[in-house]
Amino acid sequence: MDKQLQLARAKRHALWWLCGAALLFICLSVVQTYQPGLQGSFWVGLIKMAAEAALIGGLADWFAVTALFKPIPARYPIPHTNIVASNKQAIADNLANFVREKFFNPAAIEALISSSQPAVGAGRWLQQPANAQRLARYLCDTFTGFIHIIDDAPVQKFILQAIKRGINKVELGPLAAGTLTVLTRKGRHQKVLDGVLHKLATMAQTDATQALIAEKLNQWLKTEHRRLEKLLPSQWLSEQGAQVAVSAMAGILADIDNDPDHPLRRAFDEQLQHFIAQLESDPAYLHKLEELRTGLLENETLHTYVGKIWQDVHGWLVADLAKPDGRSQQAVAGALQEIGTAILNDDALAAALDKHIAEAGRYMAPELADFLTGHIRTTINSWDEDDMAAQIELNIGKDLQKVRINGTLVGGLIGALLFIIERGIGWLGKGVVG
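Just so we're clear, the structure is a prediction, and the values are computed from it rather than from any experiment.

Visitor: Teacher, can you tell me more about the layout of surface pockets here?
Guide: Of the pockets and cavities examined, the largest pocket occupies roughly 520 Å³. As for the largest pocket, its lining consists of 15 residues, of which Gln 156, Leu 160, His 303, Val 306 and Gly 307 are closest to the centre. Listing elements by their share of the lining of the largest pocket, those giving two or more residues are α8 (153-169), α15 (283-298) and α16 (300-322). When residues of the lining of the second largest pocket are traced back to their parent elements, those giving at least two are α1 (3-34), α2 (42-69) and α19 (385-433). For the lining of the second largest pocket, the leading source of residues is α19, giving 5 residues. Partitioning the lining of the second largest pocket into residue classes produces 10 nonpolar, 3 polar and no charged.

Listed below in structure tokens is the structure:
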């Protein structure tokens, strides 16, 4: 049923009770006036006083309920009526503060998240193939929309300019020096050198490498020592030379690999440190880095090449993202299901995620509370006072009319009780006097 109809019906019911009490009081008063013999009747007096008290209680509650939403009287209202409309600002502030303190305080948000175990719930939800597909479809659509935004020429221009400005602001010298410093910390670069040496030693001992060295030596003999090459077995010398060269190379590499303090390693360290120092302070190196950056940013050929690659990737990606059974959606859905399974099968992972989500909720609670309470306060303050009072009455007025009915009934009961007490005192007084 419509709220307006419910409110009107509730008001009619309350009015009927009030009119009933008034009618009963008037009728009994008329009866006592025209029938003097009933003046001392216990039951007539009891009912009349109950009706009188019910009328008073009903009228008092009518005033109280009506004063919440309307001025009484309408033209020249008495103080403390039309309370809702007169206290709009206070209602907005109190409601906003109540929501902040009871619903969005950091401790309450954290406790709510911790007790609900969101990670397990998310894992259980993601493990269902239909849910994973639905979320994957949403993510694919979102990514497609993002790609379409990038396709807009002004957006592309803005992004490219922003990227160029950001890259131009970066100091390449300190950045490169810092990167190399991190990479060489605790001898990390020596491990890379060990890998290179091991790879070279392995390659040098292969038949293909030895054959290549022998071929180069044979060509060298034929080119540089033509006469001597005709007298000597050049092919045999080349093969033997290749074996000697490979053995010597393997020995050198083995020495370097087995000796942490090998001169070549120290030279490698010194050269890297010198290079890092030059990157930080040498104007020549800094100028070369600036030229390299400018060349990359302004190279039209590179831009055209990257643009063509992006067009190809863009066309395939958009087409695949649009397909419900495309590779992108299936890959995303599979990854989501794996995440769900991992969360459900790993209690430590689920507990860690719950902890971090709770911490994030606690961190976000003040900002969220400020936003929501500010929205509540601004919205209420923007309402018309009379409309706000009417809307509140529409939603809670039906129950308030029951308060009027209860006031009528309770008033009648109290009136009857007071009448009985009054008669009882009278009877006791007569007994004492007699």
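Visitor: Looking at this model, I keep getting lost on the UniProt feature "transmembrane region" (unreviewed entry) in the chain. Mind explaining?
Guide: Taking the UniProt record as the reference, the feature "transmembrane region" (unreviewed entry) is found at residues 49-69 and 403-421. Helix and strand shares over residues 403-421 are 100% and 0% respectively, and the end C-alpha atoms of the span are 26 Å apart.

Visitor: Can you walk me through the environment of Leu 126 in this structure?
Guide: Mapped onto the fold, Leu 126 is located in helix α6 (residues 118-127). A relative accessible area of 11% places Leu 126 in the buried class. Once residues within four sequence positions are removed from consideration, Leu 126 is found in contact with Ala 132, Leu 135, Leu 336, Gln 337, Ile 339 and Gly 340.

Visitor: Is there a simple way to think about the packing of aromatic side chains in this case?
Guide: The description of two aromatic rings rests on the distance between their centres and on the angle between their planes. Counting across every chain of the model gives 4 aromatic pairs. Taken together, a centroid distance of 6.5 Å and an interplanar angle of 25° make the contact between Phe 143 and Phe 146 stacked. Taken together, the residues Phe 143 and Phe 146, both in helix α7 (residues 129-151) and 3 residues apart, mark about one turn of the helix. The partly exposed category is assigned to Phe 146, whose relative accessible area is 47%. By the ring-pair criterion, three or more aromatic residues cluster together here, those being Phe 42, Trp 43, Phe 419 and Trp 427.

Visitor: How should the confidence of the model for the chain be read in this particular structure?
Guide: Fine structural detail should not be taken from predicted coordinates in areas where pLDDT scores are low. Confidence in the prediction for the chain averages 79 pLDDT; 79% of positions are at 70 or higher. Confidence, read as mean pLDDT per element, is least for helix α12 (residues 226-231) in the chain (48) and greatest for helix α17 (residues 327-345) (91). Segment residues 227-232 is flagged for pLDDT under 50; beyond a separation of four residues in sequence, or across chains, it makes 4 contacts in the model.

Visitor: Any chance you could explain the pattern of salt bridges here in plain terms?
Guide: Pairing between side chains becomes possible if they bear opposite charge and their charged atoms approach one another. The tally for this structure, following the rule as stated, stands at 7 salt bridges. Salt-bridge contacts for Arg 137 lead to Asp 141; the nearest nitrogen and oxygen are separated by 2.9 Å. A residue pair is termed a helical-turn pair when its members lie 3 or 4 positions apart in one helix, as Arg 137 and Asp 141 do in helix α7 at 4 residues. Residue Arg 137 is classed as buried on the basis of its relative accessible area, which comes to 18%.

Visitor: How should the side chain of Lys 88 be read in this particular structure?
Guide: Mapped onto the elements, Lys 88 comes out in helix α4 (residues 88-103). From its side chain, Lys 88 meets the backbone oxygen of Asn 381 in a polar contact 3.0 Å long. For Lys 88, the residues in contact, after removing those within four places along its chain, are Ile 380, Asn 381, Trp 383, Glu 385 and Met 388.

Visitor: Would you mind going over the packing of α7 against α16 with me for this structure?
Guide: Packed helix pairs are characterised by how far apart their axes lie and by the angle those axes make with each other. Their axes nearest at 10 Å, the elements α7 and α16 cross at an angle of 145°. The way α7 lies across α16 gives a crossing that is left-handed. Between α7, through Arg 137, Cys 140, Phe 143, Thr 144, Ile 147, His 148 and Asp 151, and α16, the contact on the second element is made entirely by Trp 310, His 314, Leu 317, Val 318, Leu 321 and Ala 322. Residue composition of the contact of α7 with α16, grouped by class: 8 nonpolar, 3 polar and 2 charged.

Visitor: Got a minute to help me understand unusual backbone geometry in this structure?
Guide: Between Ile 72 and Pro 73 the backbone carries a cis peptide bond, its omega angle lying at -15°. Following the sequence through the fold, Pro 73 ends up in the loop between α2 and α3 (83-86). The phi dihedral of His 80 falls on the positive side, at around 65°, and the residue is not glycine. In this model, Gln 117 sits at a positive phi of 50°, which is unusual for a non-glycine residue. Structurally, the position occupied by Gln 117 is in the loop between α5 (106-116) and α6. In this structure Gln 117 comes out as partly exposed when scored by relative accessible area, which is 45%.

Visitor: Help me understand α4, please; the structure alone is not making it clear to me.
Guide: For α4, which comprises 16 residues, the first-to-last C-alpha distance of 22 Å matches the rise-based estimate of 22 Å (1.5 Å per residue) to within 8%. Among the residues of α4, those classed as buried are Lys 88, Ala 92, Ala 96 and Val 99. End-on, the buried residues of α4 take up no more than an arc of 70°, which puts them together on one face. Away from the buried face of α4 by more than 90 degrees, exposed residues Asn 94, Glu 101 and Lys 102 are located.

Visitor: When you look at the environment of Asn 97 in this model, what are you seeing that I'm missing?
Guide: Position of Asn 97 among the secondary structure elements: in helix α4. Given a relative accessible area of 31%, Asn 97 falls into the partly exposed group. The sequence separation of Asn 97 and Thr 373 amounts to 276 residues, and the corresponding C-alpha distance is 7.1 Å.

Visitor: Please clarify how α2 should be interpreted in this entry.
Guide: An α-helical segment advances 3.6 residues per turn. Residues three or four places apart therefore align on the same side. The end-to-end C-alpha separation of α2 is 41 Å, in line with the 40 Å expected for 28 residues at 1.5 Å each. Regarding α2, its N-cap is Ser 41, as a side-chain oxygen of that residue lies 3.4 Å from the backbone nitrogen of Val 44 further along.

Conventions and cut-offs
Residues numbered from 1 in each chain as written. Predicted model: local features only at pLDDT ≥ 70, side-chain atom pairs only at ≥ 80, totals over all residues. Heavy atoms only, no water. 1 Å grid on protein atoms, 1.4 Å probe; cavity = no way out; pocket = protein on both sides within 12 Å on 5 of 7 lines; lining within 4 Å. Points joined across faces, edges and corners; volume = space filled by probe spheres on them. Helix = DSSP H or I, 4+ residues; strand = E, 2+ residues; numbered from the N terminus. Nonpolar A, V, L, I, M, F, W, Y, C, P; charged D, E, K, R; others polar. UniProt positions renumbered as here; feature names shortened; annotations may be inferred. Buried < 20%, exposed > 50% of the residue type's maximum accessible area, 1.4 Å probe, protein only. Contact = heavy atoms within 4.5 Å. Phe/Tyr/Trp six-rings, centres within 6.5 Å; stacked < 30°, edge-to-face > 60°. pLDDT = per-residue confidence, 0-100. Salt bridge = Lys/Arg side-chain N within 4 Å of Asp/Glu carboxyl O. Polar contact = N/O pair within 3.5 Å; in protein donor to acceptor, adjacent residues only side chain to side chain. Axes fitted to C-alpha atoms, helices over the stretch in contact; angles between N-to-C directions. Left-handed = near helix turned anticlockwise from the far one by under 90°. Expected span 1.5 Å × (residues − 1). Arc of directions from axis to C-beta.

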